[in-house]
Amino acid sequence: MHLQLKGQIMINAAAQKVWHVLAHEFGTVGQWASSIPESQAVTDISAPAGATVAGRVCATAAPGFGAVRETFTYYDEQSMRFGYEPSEGRPWCIKHAENHWAVRSLGPQTCLVESRAELDVAPFPGVFLAPLLKLFMGRVGAQFFEELKYYAEHDQPHPRKLKAQ
């Protein structure tokens, strides 16, 4: 069973600044995202050309999920696009997952951030879990976008993240 989740948000900050947060600081997402209590860079394998790290390991706040190691599948500094997938720590019912990100400039202090998540879920229990998974991931994704926007526009973590610490 295949699921696709898409999201986008307009941020009142320069595209390069937002790209820096998402891509160059990929390993430190736990500093500003409340769904990720802590994160660290993956440095034991080679990073793609232009990337500062090969990936990250994230502790998650989601019940039943442990640490997830995510590695880049592609990275394009010029077009401000990248993709990554969990290489370890993925729940057994998720057969494959990949997330794609893009940052597009809309003006000197405005950009659009787009995300597309692709998941292949095992038929069982996927048939039963898919609606809940889609709802949960949609909620987490909306918070992630809100917290990214706040972080990029205010140069500090969202109050939700500060409360979670």
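Cut-off values and rules
Residues numbered from 1 in each chain as written. Predicted model: local features only at pLDDT ≥ 70, side-chain atom pairs only at ≥ 80, totals over all residues. Heavy atoms only, no water. 1 Å grid on protein atoms, 1.4 Å probe; cavity = no way out; pocket = protein on both sides within 12 Å on 5 of 7 lines; lining within 4 Å. Points joined across faces, edges and corners; volume = space filled by probe spheres on them. Helix = DSSP H or I, 4+ residues; strand = E, 2+ residues; numbered from the N terminus. Nonpolar A, V, L, I, M, F, W, Y, C, P; charged D, E, K, R; others polar. Buried < 20%, exposed > 50% of the residue type's maximum accessible area, 1.4 Å probe, protein only. Contact = heavy atoms within 4.5 Å. pLDDT = per-residue confidence, 0-100. Phe/Tyr/Trp six-rings, centres within 6.5 Å; stacked < 30°, edge-to-face > 60°.

Draft legend 1. Layout of the layout of surface pockets. Approximately 150 Å³ is the volume attributed to the second largest pocket. In terms of lining residues, the second largest pocket is bounded by Lys6, Gly7, Gln8, Tyr74, Arg81, His100, Trp101, Ala102, Glu114, Ser115 and Arg116. At the level of secondary structure, the elements contributing two or more residues to the lining of the second largest pocket comprise strand 1 (2–11), strand 6 (94–107) and strand 7 (110–121). Here the lining of the second largest pocket is built from residues that sort into three nonpolar, four polar and four charged.

Draft legend 2. Layout of helix 1 (residues 15–24). All of the buried residues along helix 1 are Ala15, Val18, Trp19, Val21, Leu22 and Ala23. Of the surrounding secondary structure, the elements contacted by the buried residues of helix 1 are strand 1, strand 4 (68–76), strand 5 (81–88), strand 6, strand 7 and helix 2 (123–154).

Draft legend 3. Broad picture of the confidence of the model for the protein. Looking at the protein, the pLDDT average stands at 93 and 97% of residues meet or exceed 70. Per-residue pLDDT, averaged within each element of the protein, yields its smallest value for helix 2 (89) and its largest for helix 1 (98).

Draft legend 4. Representation of the packing of aromatic side chains within the structure. Under the definition given, this model contains 13 aromatic pairs. With 4.5 Å between their ring centres and 35° between their planes, Phe26 and Phe72 make a pair best called tilted. Highlighted residues: Phe26 in the loop between helix 1 and strand 2 (38–42) and Phe72 in strand 4, separated in sequence by 46 residues. Judged by relative accessible area, which is 1%, Phe26 ranks as buried. Its relative accessible area of 11% is what places Phe72 among the buried residues. Between Trp32 and Tyr151, the aromatic rings sit 5.7 Å apart at their centres with planes inclined by 15°, giving stacked as the arrangement. One end of the pair, Trp32, is in the loop between helix 1 and strand 2; the other, Tyr151, is in helix 2, and 119 residues separate them in sequence.

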